[in-house]
Amino acid sequence: NAGVMQNPRHLVRRRGQEARLRCSPMKGHSHVYWYRQLPEEGLKFMVYLQKENIIDESGMPKERFSAEFPKEGPSILRIQQVVRGDSAAYFCASSPTGTGENEQFFGPGTRLTVL
Amino acid sequence: AQSVTQPDIHITVSEGASLELRCNYSYGATPYLFWYVQSPGQGLQLLLKYFSGDTLVQGIKGFEAEFKRSQSSFNLRKPSVHWSDAAEYFCAALGDYKLSFGAGTTVTVRA
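Residues numbered from 1 in each chain as written. Chains lettered and ligands numbered in written order. Predicted model: local features only at pLDDT ≥ 70, side-chain atom pairs only at ≥ 80, totals over all residues. Heavy atoms only, no water.

### Notes on the interface of chain A and chain B
(1) Moving on: Taken residue by residue, the interface counts 22 residues in chain A and 21 residues in chain B.
(2) Moving on: Interface area, chain A with chain B, both sides summed: about 1700 Å², of which 55% is carbon and sulfur.
(3) Moving on: Applying the counting criterion to the chain A and chain B interface returns two salt bridges.
(4) Moving on: Of the charged contacts in the structure, one is a salt bridge between E103 of chain A and K49 of chain B, with a shortest N-O distance of 2.5 Å. (Contact = heavy atoms within 4.5 Å. Buried area = accessible area lost by both parts, 1.4 Å probe. Salt bridge = Lys/Arg side-chain N within 4 Å of Asp/Glu carboxyl O.)

### What about the layout of surface pockets?
One simple way to see leftover space: roll a probe sized like a water molecule over the atoms.
(1) Moving on: Volume-wise, the largest pocket comes out at about 460 Å³.
(2) Moving on: As for the largest pocket, its lining consists of 22 residues, of which Q37, E40 and E41 of chain A together with Q38 and E88 of chain B are closest to the centre.
(3) Moving on: Secondary structure elements with two or more residues in the lining of the largest pocket: β9 (88-95) and β11 (110-114) of chain A together with β10 (87-95) of chain B.
(4) Moving on: Among the residues forming the lining of the largest pocket, the class breakdown is nine nonpolar, nine polar and four charged.
(5) Moving on: The computed volume of the second largest pocket comes to approximately 160 Å³.
(6) Moving on: Along the wall of the second largest pocket there are 17 residues; nearest its centre are V37, S39, G43, L44 and Q45 of chain B.
(7) Moving on: Looking at the lining of the second largest pocket, the elements that each hand over two or more residues are β5 (32-38), β6 (44-50) and β10 of chain B.
(8) Moving on: The dominant element in the lining of the second largest pocket, judged by the number of residues it contributes, is β6 of chain B, at three residues.
(9) Moving on: Here the lining of the second largest pocket is built from residues that sort into eight nonpolar, seven polar and two charged. (1 Å grid on protein atoms, 1.4 Å probe; cavity = no way out; pocket = protein on both sides within 12 Å on 5 of 7 lines; lining within 4 Å. Points joined across faces, edges and corners; volume = space filled by probe spheres on them. Helix = DSSP H or I, 4+ residues; strand = E, 2+ residues; numbered from the N terminus. Nonpolar A, V, L, I, M, F, W, Y, C, P; charged D, E, K, R; others polar.)

Here it is, written out as structure tokens:
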């Protein structure tokens, strides 16, 4: 049973370009979470999605960031017009349910570097 | 506001010595609690979790943690560290569906 998969593992973008980060949850998991880890910091919640729905995006920057989790295919975190401050590790996690004793399983992360 | 605090940014221990990492939480109710380990450039690996029941929780790699409601703490311990335990350790609390992480404690193991 494959774990949470993220790709690419490393992504380099120049300022102003777009970054697309993909996350495939564990089989049977319909809840996906994105977290961001800035250098020397812990992980911060960004967004929580269920299939085709954004449940909570309170941790997402108001501009340039968007996320989706379509009925078919992986969840996508999209960053438009990237800036140097977007350089970070972005982790995706998935769970079978969204409440209760809800362990989240993490992917290996995508490390974004903005030049 | 819900929060998790790890007071120690960096700890250095000798191989074979005991290790204790501190974690305090601030939540309205008892949250579900987790400890994760992250090696450089890697993802997060779950060491152990506390949902309810026995307050002493056993995890992988010889780690254990004790939940103390009166102190709002969930400290991680290992009786004898190995060089491979050098990593960054994160305490996290689950409120509803969001994990709140502490800032992490970096553990260095000296020979």
